[in-house]
Amino acid sequence: MDARQMKIKAAEAALAHVEDGMRLGIGTGSTAEEFVRLLAEKVAGGLRVEGVPTSERTARLCVELGVPLKSLDELPHLDLTIDGADEVDANLALIKGGGGALLREKIVACASDRMIVIADESKVVETLGAFPLPIEINPFGQAATRLAVEKVAARLGLSGSMDLRASGDGLFMTDGGHLILDASFGRIPDAEALSSELNSIPGVVEHGLFINIASLAVIAGPAGARTLQ
Ligand code: 5RP
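What counts, and where the lines are drawn
- Residues numbered from 1 in each chain as written.
- Predicted model: local features only at pLDDT ≥ 70, side-chain atom pairs only at ≥ 80, totals over all residues.
- Heavy atoms only, no water.
- UniProt positions renumbered as here; feature names shortened; annotations may be inferred.
- Pairing = 2+ DSSP bridges.
- Helix = DSSP H or I, 4+ residues; strand = E, 2+ residues; numbered from the N terminus.
- Axes fitted to C-alpha atoms, helices over the stretch in contact; angles between N-to-C directions.
- Contact = heavy atoms within 4.5 Å.
- Near = heavy atom within 4 Å.
- Polar contact = N/O pair within 3.5 Å; in protein donor to acceptor, adjacent residues only side chain to side chain.
- Nonpolar A, V, L, I, M, F, W, Y, C, P; charged D, E, K, R; others polar.
- Core = buried A, V, L, I, M, F, W, Y, C linked by side-chain atoms within 4.5 Å.
- Buried < 20%, exposed > 50% of the residue type's maximum accessible area, 1.4 Å probe, protein only.

The chain has the name Ribose-5-phosphate isomerase A in an unreviewed UniProt entry, where Metarhizobium album is given as its organism. The Subunit (unreviewed entry) comment attached to the chain in UniProt states, word for word, "Homodimer." Checking UniProt for the chain, the heading Function (unreviewed entry) contains the comment "Catalyzes the reversible conversion of ribose-5-phosphate to ribulose 5-phosphate."

Caption draft 1: Representation of the sheet that holds strand S8 (residues 162-164) in the model. Read across the open sheet, the four strands follow the order S8-S11-S7-S12; overall the sheet is antiparallel. Strand pairing shows two members of the sheet lacking a second neighbour, S8 and strand S12 (204-207), which therefore form its edges. When the angles between neighbouring strand axes are averaged without regard to direction, this sheet yields 25°. As defined by bridge partners, S8 adjoins strand S11 (residues 179-183) across three bridges and the pair is classed as antiparallel. Its bridge partner being in S11, Leu-164 is matched across the sheet by Leu-181. Contacting strand S7 (133-137), S8, S11 and S12, helix H5 (residues 142-155) crosses the sheet at an angle of about 155° to S8. Taken strand by strand, helix H6 (residues 191-199) contacts S7 and S12, and its axis lies near 160° from that of S12.

Caption draft 2: Up close: the site of the ligand. Residues in contact with the ligand amount to 16 residues; listed here are only the nearest, Ser-30, Thr-31, Asp-86, Gly-97 and Lys-123. Lys-123 places a side-chain nitrogen or oxygen 2.6 Å from an oxygen atom of the ligand. Taken together, the residues that form the shell around the ligand break down as two nonpolar, nine polar and five charged.

Caption draft 3: Molecular detail of the UniProt feature "active site" (unreviewed entry) in the chain. Residues given the UniProt feature "active site" (unreviewed entry) here are Glu-105. Relative to the elements of secondary structure, Glu-105 occurs in helix H4 (residues 102-110). In this structure the side chain of Glu-105 is engaged in a polar contact, spanning 3.2 Å, whose partner is the side chain of Lys-96.

Caption draft 4: Region of interest: the nonpolar core. Grouped together as the largest cluster of nonpolar side chains are 27 residues, with contacts concentrated most on Val-18, Leu-24, Phe-35, Leu-39, Val-49, Ile-82 and Ile-118. For this core, the elements supplying multiple residues, two or more each, are helix H1 (3-15), strand S1 (23-26), helix H2 (30-44), helix H3 (56-65), strand S3 (78-83), strand S6 (112-120) and strand S14 (216-221). Those residues in contact with Val-18 that sit more than four places away from it in its chain are Leu-24, Phe-35, Leu-39, Leu-47, Val-49, Leu-80 and Ile-82. If you look at the next biggest cluster of nonpolar residues, it comprises 24 residues, including Val-152, Leu-179, Ala-183 and Leu-198.

Caption draft 5: Molecular detail of the environment of Pro-222. Note that Pro-222 resides in the loop between S14 and strand S15 (224-228). When its relative accessible area of 64% is taken as the criterion, Pro-222 is described as exposed. Residues Pro-222 and Ser-184, spaced 38 residues apart in sequence, show a C-alpha to C-alpha distance of 29 Å. Those residues within four positions of Pro-222 in sequence are excluded, and the remaining contacts are Met-1 and Met-6.

And the structure:
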């Protein structure tokens, strides 16, 4: 089974949790896009759902494939969000934001009764942090915010490089008009402490640590899909 087939397997298993009439948060990334393709087939077959996309990219795919969309303001309470992740640990703590959509992803997931993560085995880790942690920051005062993040990291014994995410010739801009600082800590032994410290920095809009948000993860490997909960 190749990487794409594993993403499809995870997406298929998550689709089994989708019921007629559900209000769905729809994630961002290549795994979430496999879910959108499968969901679109079900919608074409008569399944009635309303989706809230977590990015402009996901919104475009949903429109193209005929998945009905609403804004989060129209549907502020969702039944279920299905989204990918960059890392997932045994307690369902996640690193997200590899696709730069972490702010809307977190808002949508937190507006949902449940969040199901879809991923392949390569995303499962013992300790979060090998994947650089995306930190979404306001462009205003970005140098001061970076210093504040470095101070927090040092206080928690974390070290490593921090790079503003690039795109083409310039800097990557999120759907909300913010920048992403990718922090390569290697290991984040206390993700909860880092999360609350980052939340206290004014220039940090949001970060990619999702703790106590996901309720289930469907992990696909060569031998099939398993769940973590
Ligand atoms: C986007 C995300 C994605 O869910 C994450 O990057 C995983 O993407 P993929 O399924 O392409 O590996 O958090 O912001």
